[in-house]
Structure formats: structure tokens, C-alpha cells
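Structure at a glance
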Amino acid sequence: MARFLIVGAFIAATIQTFVPASIANHLSSLPVLSLLAMMALAFFLSLCSESDAFVAASFTAFGPSAQLAFLVFGPMIDLKLGALYVGTYSKGFFRTVLIVVTAVTLVACLWVQVIWG
């Protein structure tokens, strides 16, 4: 798990260093885009689910619902699992799983954002 934590911390630090704060603040102020951005980050980072919380917590510009989207989406769909799904099942299955998991995570995290702000 340590290697995933180190790689995740390195990537999070790199993103926070090279992405201007104004872009992150603007993106975090848009509810749907902030959730989609954190979900996309979870997909491409493909971290261990045990180190996701440390990486998600480092993105303080994004609210708790966007961090929750990162934590929920990452263990269900990422690059490694996508390759595994496509190799084991058909591409249509992966497409269906990707659409359903994205929609359910997005709607649930939007509800969390509405209820708890």
C-alpha cells in the first residue's frame, strides 16, 4: 500500500503545484464539474482504495461531496479495472458499468451536496 500512497501523494502534489489555484477554485465552485473532475482523477490515478482517502483529503479546494465522489468512484472504476473488465467481459459490459457507476455516483454525491452543503 505504501507505493500507492507515495505515487498518489506525488501526483496530487504535482497537480496542486502546476495547476493554477484560480482554475481549481473555479472548477470547485461548479457542483457537477467538480464531481466529474474528481471522478476522472480517481479513474486515471488508479490508486489503491486504502490510499484514496489521503489523496482525496489533499484536494482541499474541492468540497466534501467531490472528495466523496473520488472515494466512491475510484475503487469501482479505474484504468486497471477497466482493462480487467474489457479483457474478461465484452466492451458493451464495460460501457454499461461505466455509465451506471458514473450516473449513480454523480446523483448520490449531488444529493449529499444538497443535503449537507
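First, a word on what this report is: a plain description of the structure on this page. Everything numeric in this text was worked out from a predicted model, so none of it was measured.

Scoring rules and cut-offs
Residues numbered from 1 in each chain as written. Predicted model: local features only at pLDDT ≥ 70, side-chain atom pairs only at ≥ 80, totals over all residues. Heavy atoms only, no water. Helix = DSSP H or I, 4+ residues; strand = E, 2+ residues; numbered from the N terminus. Rg over C-alpha atoms; globule rule 2.2 N^0.38 Å. Buried < 20%, exposed > 50% of the residue type's maximum accessible area, 1.4 Å probe, protein only. Contact = heavy atoms within 4.5 Å. Areas by Shrake-Rupley, 256 points an atom, 1.4 Å probe, with all protein chains shown as cover. Phe/Tyr/Trp six-rings, centres within 6.5 Å; stacked < 30°, edge-to-face > 60°. Core = buried A, V, L, I, M, F, W, Y, C linked by side-chain atoms within 4.5 Å. Patch = residues over 30% accessible without salt bridge, like charges linked within 9 Å, V, L, I, M, F, W, Y side chains within 5 Å. Salt bridge = Lys/Arg side-chain N within 4 Å of Asp/Glu carboxyl O. Axes fitted to C-alpha atoms, helices over the stretch in contact; angles between N-to-C directions. Left-handed = near helix turned anticlockwise from the far one by under 90°. Nonpolar A, V, L, I, M, F, W, Y, C, P; charged D, E, K, R; others polar.

On to the overall build of the chain. The secondary structure content of the chain amounts to seven helices and zero strands. For the chain, the sequential pattern of α-helices and β-strands runs α-α-α-α-α-α-α. A compact globule built from 117 residues should have a C-alpha radius of gyration of about 13 Å, and the chain, at 14 Å, falls within 12% of that. Seen through its principal axes, the chain has C-alpha atoms that stretch 40 × 35 × 20 Å. For the chain, the proportion of its 117 residues judged to be buried stands at 32%. Considering only contacts within the chain whose residues lie at least 6 apart along the sequence, 72% involve residues at least 24 apart. Here the chain has roughly 6,900 Å² of accessible surface; of this, 75% comes from carbon and sulfur atoms.

Time to look at the packing of aromatic side chains. On inspection of all chains with the given rule, the structure shows five aromatic pairs. Seen in terms of ring centroids, Phe-43 and Phe-44 are 5.1 Å apart; in terms of plane orientation they differ by 85°. Their pairing is edge-to-face. According to the relative accessible area criterion, Phe-43 is buried, its value standing at 17%. Of the aromatic side chains, those joined through ring pairs into one cluster are Tyr-85, Tyr-89, Phe-93 and Phe-94.

Attention shifts here to the nonpolar core. Counting 24 residues, the largest nonpolar core has Met-38, Val-55, Phe-59, Phe-70 and Ile-77 as its most contacted members. Contributing elements (two or more residues each) for this core: α3 (31-45), α4 (52-58), α5 (64-76) and α7 (91-116). At seven residues, α3 tops the list of elements feeding residues into this core. In contact with Ile-77, other than residues within four places in its own chain, are Phe-43, Tyr-85, Phe-94, Val-97, Leu-98 and Val-101.

The next subject is the side chain of Thr-105. Turning to its location among the elements, Thr-105 is positioned in helix α7. For Thr-105, a relative accessible area of 3% corresponds to the buried category.

Here we come to the environment of Ala-66. Relative to the helices and strands, Ala-66 resides in helix α5. Linking Ala-66 and Ala-37, residues 29 residues apart in sequence, is a C-alpha distance of 8.3 Å.

Among the surface-exposed residues, Val-107, Trp-111, Val-114, Ile-115 and Trp-116 lie close enough to one another that they form a single nonpolar patch of about 640 Å² accessible area. Under the relative-accessibility criterion, Val-107 is labelled partly exposed at 47%.

Bringing the packing of α3 against α5 into the picture now. At a closest axis distance of 8 Å, the pairing of α3 and α5 adopts a crossing angle of 35°. The handedness of the crossing between α3 and α5 comes out as right-handed. Contacts between α3 and α5 involve Ser-34, Leu-35, Met-38, Met-39, Leu-41, Ala-42, Phe-43 and Leu-45 on the former and, on the latter, Ser-65, Ala-66, Gln-67, Ala-69, Phe-70, Phe-73 and Gly-74. Split by residue class, the contact of α3 with α5 holds 11 nonpolar, four polar and no charged.

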